[in-house]
Amino acid sequence: MGFGASLKKLSNSWKKIEMSVNDAVSKSKVGKFFKLEARKTCFTRELRAGTATFLTMAYIITVNATIIADSGGTCLMADCTVPGNQTAASPDCMLKPNLGYDNCVSKTKSDLVVATILSAMIGSFAMGVLANLPLGLAPGMGPNAYLAYNLVGFHGSGSISYQTALAVVLIEGCAFLAISTLGVRAKIARLMPKPVRLACGAGIGLFIAFVGLQIHQGVGLIGPDPTTLVTISACAKIDPISNTCVGGKMRSPTFWIAMVGFLMTCYGLMREIKGSMIYGISFITLVSWIRGTSFTIFPKTPLGDTNYNYFKKVVDFHKIESTFGVISFSHFNRSEVWIALVTLLYVDVLATTGTLYTMAEIGGFLDDKGSFEGEYLAYIVDASSTIVGSALGVSPVATYVESSAGIKEGGRTGLTAVVIAFYFFLSLFFTPLLTSVPPWAIGPSLVIVGVMMMKVVKDLNWENIKEAVPAFVTMSTMPLTYSIANGIIGGIGVYIALSLYDLMLGFIKWVNKMRKMVIKEQNQVSNGVESMVEII
């Protein structure tokens with residue numbers, strides 16, 4: 001028997017085993033619960049769909065933890081190492097390299113990796129079991145950057161503490177749950193002007209890409225400049241205090257390694273290879289794990305040695321120590337808190353609504369009325385997952401557009417989401433590896449996410465100034481002011497200002513119409529009096 005014949009026989013045997021397994025699962029209680037036969041799918045197809053979705057969204061584990069860890073979490077000035085010639089740490093020790101504070105942030109990142117995995121696992125499992133939809137959930141891109149860089153600020157330099165920001169996320173989740181329960185979600189979503197609503201996604205994409213290009217948070221291509229504010233960087237050496245370039249520009253080894261990974265990801269996406277972002281991140285990370293190189297994440301320093309010793313464990317179950325249940329309502333008398341609450345609620349409502357309907361349309365779940373089975377419970381699960389996420393210490397949890405990868409693989413039931421949750425569960429045991437992913441491995445994926453979020457601009461009417469200007473203000477203000485909230489407020493403000501012309505014109509027309517009606521009635525009355533006089 002030749003090799004080809006043996007391979008064909010093996011393939012036929014595998015198909016028979018697959019068919020028997022699918023038939024057994026479909027007729028079991030699990031198959032009936034998820035309605036596998038009713039939705040014309042099978043167990044192995046749902047397994048492939050869940051695998052595809054996980055591969056496309058697994059990047060969020062390290063990306064989300066890295067972004068939120070940039071806020072410093074619960075780390076304070078008290079965690080800083082005091083220099084030998086001082087009696088106390090200086091207030092700016094959190095913004096400069098400091099062994100004590102950096103160790104605290106490193107532990108916080110480990111907590112956030114676990115928190116991200118748990119929130120994604122719980123949300124995806126609930127979506128599968130309760131709503132029976134093939135959708136994966138995890139902390140959303142955009143809200144996490146908003147929490148880290150706008151609210152708390154880099155290493156706590158913002159106006160709101162990490163604990164207060166989590167309280168905002170909690171209340172936002174409760175408000176979203178109430179809105180979903182009462183069924184007024186669509187009405188709330190329509191309150192925001194359409195051009196601003198569409199521009200939000202693109203603006204957040206630009207903001208995320210800007211973060212991915214910066215020093216510390218990303219690939220390091222962009223750095224500060226005293227004259228132009230920002231300039232090209234990627235320097236061989238950077239001043240730790242001012243972050244300015246003291247070495248040759250475009251000579252950073254980590255930047256060029258990141259560019260190779262970026263191109264790998266782009267080529268993979270061009271070829272529609274599932275998990276392309278994971279492959280790009282993995283390549284950069286594996287190369288950066290090599291000690292003794294100029295691009296290693298484990299330099300021969302006390303912090304590098306500590307991180308390397310933890311990394312060598314490979315498998316370890318990390319318990320959350322600093323981010324669980326640290327919610328605080330002590331500073332809710334500040335205006336920034338309420339602006340943040342409204343911003344997060346709008347972003348959550350708009351993003352979830354758009355994502356769910358897009359996934360339902362791709363999967364062919366929509367009926368003639370534009371609704372789909374499990375829609376109501378899907379919103380309940382999404383909102384409830386945000387509440388769980390706030391307790392764990394992460395930003396709002398949302399349904400991921402990457403779920404489309406699984407739907408295209410044939411995923412039609414909640415069993416796909418359960419498979420996604422199972423993969424997240426397995427990830428819990430590899431915290432040492434996941435926390436050792438360098439920022440320059442995350443930066444390219446942030447830029448790619450920004451690219452993907454820009455596609456909404458095609459739906460804007462750029463010929464109409466009334467739509468184009470508010471949209472442009474929204475998109476440009478977010479990255480340039482380093483604030484998602486400023487972009488939304490600016491866009492709405494400009495839209496209202498430009499709408500005043502139409503309102504005034506409408507008011508003038510209404511006044512003229514009323515005046516003509518009054519004149520007409522007066523003439524009718526006058527004619528009636530004259531007729532009565534003639535009769536008399």
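Residues numbered from 1 in each chain as written. Predicted model: local features only at pLDDT ≥ 70, side-chain atom pairs only at ≥ 80, totals over all residues. Heavy atoms only, no water.

### Here we look at the environment of I232
Then step 1. Here I232 lies in strand β3 (residues 229–232).
Then step 2. Separated by 280 residues in sequence, I232 and N512 have C-alpha atoms that sit 59 Å apart.
Then step 3. Discounting residues that sit within four places of it in the chain, I232 has contacts with L221, K249 and M250. (Helix = DSSP H or I, 4+ residues; strand = E, 2+ residues; numbered from the N terminus. Contact = heavy atoms within 4.5 Å.)

### Some words on the nonpolar core
Then step 1. Y59, M141, F424 and L446 are the most contacted members of the largest nonpolar core, which totals 91 residues.
Then step 2. A total of 10 residues in this core trace back to one element, the largest contributor, which is helix α5 (residues 99–131).
Then step 3. The residues touching F424, leaving out its near neighbours within four places in the chain, are F54, M57, I61, I117, A120, M121 and L137.
Then step 4. Membership of the second largest hydrophobic core comes to 21 residues, among which are M127, F176, V397 and I407. (Core = buried A, V, L, I, M, F, W, Y, C linked by side-chain atoms within 4.5 Å. Buried < 20%, exposed > 50% of the residue type's maximum accessible area, 1.4 Å probe, protein only.)

### Thoughts on the state of the cysteines
Then step 1. Applying the stated criterion to the full structure yields 2 disulfides.
Then step 2. Linked covalently through their sulfurs, C75 and C104 form a disulfide whose S-S length is 2.0 Å. Between C75 and C104, the S-S torsion sits near -100°, and that sign places the bridge as left-handed. Linking C75 in the loop between α4 (60–69) and α5 with C104 in helix α5, this pair joins segments that are 29 residues apart in sequence. Like C75, the residue C104 is buried in the burial classification.
Then step 3. The disulfide partner of C80 is C93, and the gap between their sulfur atoms is 2.0 Å. On the S-S bond that ties C80 to C93, the torsion sits near 80°, and the link is right-handed. (Disulfide = S-S within 2.5 Å.)

### Details of the UniProt feature "transmembrane region" (unreviewed entry) in the protein chain
Then step 1. Under the UniProt annotation, the feature "transmembrane region" (unreviewed entry) is placed at residues 112–133, 160–184, 196–215, 253–270, 337–357, 377–401, 413–434 and 492–511.
Then step 2. Structurally, residues 377–401 is divided into 64% helix and 12% strand, and its ends, taken at the C-alpha atoms, are 18 Å apart.
Then step 3. Secondary structure across residues 492–511 comprises 100% helix and 0% strand; the distance between its end C-alpha atoms is 28 Å. (UniProt positions renumbered as here; feature names shortened; annotations may be inferred.)

### Brief notes about the packing of aromatic side chains
Then step 1. Overall, the coordinates contain 14 aromatic pairs when judged by the stated rule.
Then step 2. Residues W289 and F311 carry aromatic rings whose centres are separated by 4.7 Å and whose planes lie at 50° to one another, so their mutual orientation is tilted. Note that W289 is positioned in the loop between α11 (276–288) and α12 (302–311) and F311 in helix α12, a separation of 22 residues in sequence. Both residues of the pair, W289 and F311, count as buried.
Then step 3. Three or more aromatic residues joined by ring pairs form one cluster here, namely F54, F422, Y423 and F424.
Then step 4. Its guanidinium or amino end placed over the ring of Y308, R291 lies 4.5 Å from that ring's centre, counting from NZ or CZ. (Phe/Tyr/Trp six-rings, centres within 6.5 Å; stacked < 30°, edge-to-face > 60°. Lys NZ or Arg CZ within 6 Å of the ring centre and 35° of its normal.)

### A closer look at the pattern of salt bridges
Pairs can form between side chains of opposite charge whenever their charged atoms are close.
Then step 1. One pass over the structure, following the stated rule, counts 9 salt bridges.
Then step 2. Linking R334 and E336 is a salt bridge whose minimum nitrogen-to-oxygen distance equals 3.8 Å.
Then step 3. The class for R334 is partly exposed, based on a relative accessible area of 32%.
Then step 4. Look at E336 and you get partly exposed, because its relative accessible area is 30%.
Then step 5. Salt bridges sharing common partners tie together K35, R39 and E373. (Salt bridge = Lys/Arg side-chain N within 4 Å of Asp/Glu carboxyl O.)

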